[in-house]
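# Secondary and tertiary structure notes
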Amino acid sequence: MPKEVGTFLREDGSDWCVMGILFALLAALFAAFTVTLTKAGLETVNPYLAFAIQAVLILGISWSIALYSGDVRKSLSGMDTRTWVFILSAGICTTLSTVFSYRALHTDDTTLVVPLERLSLVLAIVLAVIFLKEKLTWQVIAGVVLMTAGAVLIGFSKKGG
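Residues numbered from 1 in each chain as written. Predicted model: local features only at pLDDT ≥ 70, side-chain atom pairs only at ≥ 80, totals over all residues. Heavy atoms only, no water.

### Quick look at the overall build of the chain
Filter applied, for reference: Counting from the N terminus, the helices are the DSSP runs of H or I reaching at least four residues and the strands are the DSSP runs of E reaching at least two. The rule is simple: take the accessible area with a 1.4 Å probe, protein chains only, and divide by the maximum for that residue type; under 20% is buried, over 50% is exposed, in between is partly exposed. Methods summary: accessible areas were calculated by the Shrake-Rupley approach with a probe of 1.4 Å, and residue burial reflects only the protein chains presented.
Looking only at helices and strands, the chain features 7 helices and 2 strands. Listed by position from the N terminus, the elements making up the chain come as β-β-α-α-α-α-α-α-α. In the chain, which comprises 161 residues, the share counted as buried stands at 14%. Surface exposure of the chain reaches about 12,400 Å², of which carbon and sulfur atoms provide 72%.

### Topic: unusual backbone geometry
Residue Lys133 is not a glycine yet carries a positive backbone phi of 60 degrees. Given a relative accessible area of 66%, Lys133 falls into the exposed group.

### With respect to the packing of helix α6 (residues 120-131) against helix α7 (residues 138-155)
Each pair of packed helices can be described by the angle between their axes along with the distance between the axes. Note the threshold: Lines fitted to the C-alpha atoms define the axes, with helices restricted to the stretch that makes contact. Angles between their N-to-C directions range from 0 to 180 degrees. Any angle that is under 35 degrees is reported as roughly parallel, and any over 145 degrees as roughly antiparallel; angles of 65 to 115 degrees are reported as roughly perpendicular and all others as oblique. Rotating anticlockwise by less than a right angle from the far helix to the near helix defines a left-handed crossing, while the corresponding clockwise rotation defines a right-handed one. Here, two residues are considered to be in contact whenever any of their heavy atoms come within 4.5 Å of each other. Basically, the charged four are Asp, Glu, Lys and Arg, the nonpolar ten are Ala, Val, Leu, Ile, Met, Phe, Trp, Tyr, Cys and Pro, and anything else, Gly included, counts as polar.
For the pair α6 and α7, the least separation of the axes is 9 Å and the interaxial angle reads 150 degrees. As the angle between them shows, α6 and α7 are arranged roughly antiparallel. As for the relative orientation of α6 and α7, their crossing is left-handed in sense. Here α6 contributes Leu121, Val122 and Ile125 to the contact with α7, which in turn contributes Val140, Val144, Met147 and Thr148. For the contact of α6 with α7, a count of residues per class yields 6 nonpolar, 1 polar and no charged.

### A word on the pattern of salt bridges
Condition: For salt bridges, the criterion is a side-chain nitrogen of Lys or Arg within 4 Å of an Asp or Glu carboxyl oxygen.
Taken as a whole, this structure holds 1 salt bridge when the rule is applied. Between Arg118 and Glu117 there is a salt bridge whose closest N-O contact spans 3.2 Å.

### Description of a nonpolar patch on the surface
Put simply, the rule reads: Residues enter patches when their relative accessible area tops 30% and they take part in no salt bridge; the joining distance is 9 Å for like charges and 5 Å for the nonpolar side chains Val, Leu, Ile, Met, Phe, Trp and Tyr.
A contiguous nonpolar patch, built from Met19, Leu22, Phe23, Leu26, Leu29, Phe30, Phe33 and Leu37 and spanning about 800 Å² of accessible area, is present on the exposed surface. Among the secondary structure elements, Leu26 is positioned in helix α1 (residues 18-41).

### Points about the packing of aromatic side chains
Given two aromatic rings, one states the distance between the centres and the angle between the planes to describe the pair. This is how the line gets drawn: The criterion for an aromatic pair is that two Phe, Tyr or Trp rings (for Trp, the six-membered ring) have centres within 6.5 Å, with stacked assigned to planes under 30 degrees apart, edge-to-face to planes over 60 apart and tilted to the rest.
Overall, the coordinates contain 1 aromatic pair when judged by the stated rule. Taking the centre distance of 5.7 Å and the plane angle of 75 degrees together, the rings of Phe51 and Tyr102 count as edge-to-face. Separated by 51 residues along the polypeptide, Phe51 in helix α2 (residues 47-69) and Tyr102 in helix α4 (residues 81-107) bring together distant segments of the chain. Accessibility classification places Phe51 together with Tyr102 in one group, the buried group.

### Some words on the nonpolar core
Within soluble globular proteins, side chains that are nonpolar tend to cluster in buried spots. Condition: Residues belong to one nonpolar core when they are buried, are Ala, Val, Leu, Ile, Met, Phe, Trp, Tyr or Cys, and are joined through side-chain atoms within 4.5 Å.
Counting 9 residues, the largest nonpolar core is built from Val35, Leu42, Ala50, Phe51, Val99, Tyr102, Leu105, Val113 and Val114. Elements with a minimum of two residues in this core: α2, α4 and α5 (110-117). By residue number, the principal contributor to this core is α4, which donates 3 residues.

### Quick word on the side chain of Thr38
Take Thr38: it is sitting in helix α1. According to the relative accessible area criterion, Thr38 is buried, its value standing at 4%. Aside from chain neighbours lying at most four places away, what touches Thr38 is Gln54, Tyr102 and Leu105.

### Considering the packing of α5 against α7
Running from amino to carboxyl end, α5 crosses α7 at an angle of 165 degrees, the nearest separation of the two axes being 8 Å. Judged by the angle between their axes, α5 and α7 are roughly antiparallel. Handedness of the crossing formed by α5 with α7: left-handed. In this structure, α5 contributes Thr111, Leu112, Pro115 and Leu116 to the contact, and α7 contributes Ala151, Ile154 and Gly155. A per-class count over the contact of α5 with α7 returns 5 nonpolar, 2 polar and no charged.

Dropping the structure here:
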């Protein structure tokens, strides 16, 4: 039985939220558009310049959303050193991930790059289990194996074959 609107119980008694799933699916949709549009745009421009141009837009949009969503000054002053380290480290990782992704897309086919890049899903699960102590079930293990096999199969498939 639902505990509250948009929240349902899993078999193990923990909650999952419909909005979390919706936002995750929207993130996947926009990530797919991002890769496709980026690959199309990289035909005539240096991948590092393309990222720099997009980064300006990302900066403007993200700060606009942050400012619109609440009291930024209070949130910033409430962040401890540990949080700053994690957030800034994640920002560095995001930047490097995007730079390497753009370079790979500039160099090779989307059908090779994207499946291999999306092995980040598998790596994120492994890191979550190791560092965040998230639960590892047989379903998670099976999913990791299938995602890995799928990424390798798609990534290294021959064109037209």
